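# Architecture at a glance
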Amino acid sequence: MELFLNILLLAVGFLALIKGADFFVDGSSALAKNFKVPGVIIGLTIVAMGTSAPELAVSTSAALKGANEIALSNVTGSNIFNLLGVLGICAMIHPLPIEPVIMKRDFPLSIGISLLTLGAVGLPFMLKGNITSAAMSDNVGEVSRVFSIILLVLFVSYIAMLIHSARKSQQQEENSELKPLWKCVLLILVGLVCIIAGGQFVVNSAKAIAAAFGMSETLIGLTIVSIGTSLPELVTSVVASRKGENGLAVGNVVGSNIFNLLFILGISGTIHPITVNLASVTDLAVLVVVSVITMIFARTKNIGRAEGAVMVLIYAADVVFAVLR
């Protein structure tokens, strides 16, 4: 009976995610038109922050409870899934054009922040030269409060830069009918509530179903939690892509990754310094590599179906590696 209830909650969660994403994309794109702001800017800010709400909830809760390794692994796992899973699936549905501003500014920034985080937590251990003798579960570094505050300062600077960019690039809209401002905000809020609630239903019920079938907590965390908290990004980006809002779809993913590293990791590490094991350092290195691969695919000005399929296969290989290590 309990298993049946969890399956029902899983279905309800997916339905809430899909409808919530539909409302959220409609409201966000309408808001962009009202303020003559490019969709990519909305994707990098409002949509990215909204769809990262589950990661924020999971990571800050983990930090407050002292289970702070989850805070880093959730962020890293979600970012890898966003790049390979979300963009890969969207590209397989419809080739994804990439805005030049994302290629010039946001993609390099995302890679730079990933490298900075990898260096801050893993470089002292790497310099000791005993990498091969360490086990994946060994603690090799930490995300300190000082580094976390630096991440938060960088986040504020990034948002200020986006606001400045939005003011400079206000676009002339075609003579399309504009939705009232209250309706845009209502659609965004209702969509966000559905997305967050749906994400919680999916994660909690999937964890219960997985536990009922004897999956370990580690395996559940590596797969269901990081993928589950990224479901809003996946559903929102797929819906945006199908509606032709490609700037919003790609901006959502890249913006979410920057938001996850700068704000969520910054908040979590400020609440409680995060102890980092070798597995997390390895995942950060994987994040840097897949970020570079994604940027190379995007240099052709769009990510095609074949490239999307390769990205999904790389993600599947990374999950297998994470489970077996």
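Report follows, based on the coordinates. (Residues numbered from 1 in each chain as written. Predicted model: local features only at pLDDT ≥ 70, side-chain atom pairs only at ≥ 80, totals over all residues. Heavy atoms only, no water.)

## So, the overall build of the protein chain
- Counting its regular elements, the protein chain contains twelve helices and four strands.
- Counting only residues that meet the buried cut, the protein chain has 51% of its 325 residues in that class.
- In the protein chain, the share of contacts with a sequence separation of at least 24, taken over all contacts with a separation of at least 6, comes to 87%.
- In the form shown here, the protein chain has an accessible surface area of approximately 14,400 Å², with 69% of it arising from carbon and sulfur atoms. (Helix = DSSP H or I, 4+ residues; strand = E, 2+ residues; numbered from the N terminus. Buried < 20%, exposed > 50% of the residue type's maximum accessible area, 1.4 Å probe, protein only. Contact = heavy atoms within 4.5 Å. Areas by Shrake-Rupley, 256 points an atom, 1.4 Å probe, with all protein chains shown as cover.)

## Topic: helix α5 (residues 100-128)
- For α5, which comprises 29 residues, the first-to-last C-alpha distance of 41 Å matches the rise-based estimate of 42 Å (1.5 Å per residue) to within 8%.
- The largest bend in α5 comes to about 55°, at glycine 122, with the proline proline 124 one to four residues further on. (Expected span 1.5 Å × (residues − 1). Bend = angle between axes of the 7 residues up to and from the residue.)

## Things to note about the environment of proline 54
- Of note, proline 54 is situated in helix α3 (residues 53-64).
- On the accessibility criterion, proline 54 (2% relative accessible area) is buried.
- Spatially, the C-alpha atom of proline 54 lies 5.2 Å from that of threonine 229, the residues being 175 residues apart in sequence.

## Digging into the side chain of serine 291
- Within the secondary structure, serine 291 sits in helix α11 (residues 278-298).
- Non-local contacts of serine 291, meaning those with residues more than four positions away in its chain, are made with Leu83 and Ile111.

## A closer look at the nonpolar core
- Ranked by size, the top nonpolar core spans 78 residues in total, and within it Leu87, Phe107 and Ile303 carry the most contacts.
- Excluding residues within four positions of it along the chain, leucine 87 makes contact with Asn82, Leu96, Val250, Val253, Thr294, Ile303 and Met311. (Core = buried A, V, L, I, M, F, W, Y, C linked by side-chain atoms within 4.5 Å.)

## Thoughts on the side chain of serine 110
- Within the secondary structure, serine 110 is located in helix α5.
- Here serine 110 is in contact with Asn257, Ile258 and Leu261, once residues within four sequence places are set aside.

## Remarks on the packing of aromatic side chains
- Counted according to the given criterion, the structure contains four aromatic pairs.
- Judged by centre distance (5.2 Å) and plane angle (65°), the rings of phenylalanine 81 and tyrosine 315 are edge-to-face. Separated by 234 residues along the polypeptide, phenylalanine 81 in helix α4 (residues 68-93) and tyrosine 315 in helix α12 (residues 305-324) bring together distant segments of the chain. Note on accessibility: phenylalanine 81 and tyrosine 315 belong to one class, buried.
- For the pair phenylalanine 155 and phenylalanine 259, a centre-to-centre distance of 5.5 Å together with 70° between the ring planes defines the contact as edge-to-face. Of this pair, phenylalanine 155 sits in helix α6 (residues 145-168) while phenylalanine 259 sits in helix α10 (residues 246-271); the two residues are 104 residues apart in sequence, bridging distant segments of the chain. Side by side, phenylalanine 155 and phenylalanine 259 carry an identical accessibility label, which is buried.
- Each member of the aromatic cluster is reached from another via a ring pair, and the members are Phe155, Phe259 and Phe263. (Phe/Tyr/Trp six-rings, centres within 6.5 Å; stacked < 30°, edge-to-face > 60°.)

## Here we look at a nonpolar patch on the surface
- Taken together, the side chains of Met1, Phe4, Leu5, Leu8, Val12 and Phe201 present a nonpolar region at the surface, about 650 Å² in accessible area.
- Ranked by the residues each element gives to the nonpolar patch, the list is headed by helix α1 (residues 2-34), at four residues.
- With respect to the helices and strands, phenylalanine 201 occurs in helix α7 (residues 181-212). (Patch = residues over 30% accessible without salt bridge, like charges linked within 9 Å, V, L, I, M, F, W, Y side chains within 5 Å. Salt bridge = Lys/Arg side-chain N within 4 Å of Asp/Glu carboxyl O.)

## Observations concerning the pattern of salt bridges
- Throughout the structure, instances matching the rule amount to one salt bridge.
- In this structure, arginine 105 and aspartate 106 form a salt bridge, with 3.1 Å as the shortest nitrogen-oxygen distance.
- For aspartate 106, a relative accessible area of 0% corresponds to the buried category.

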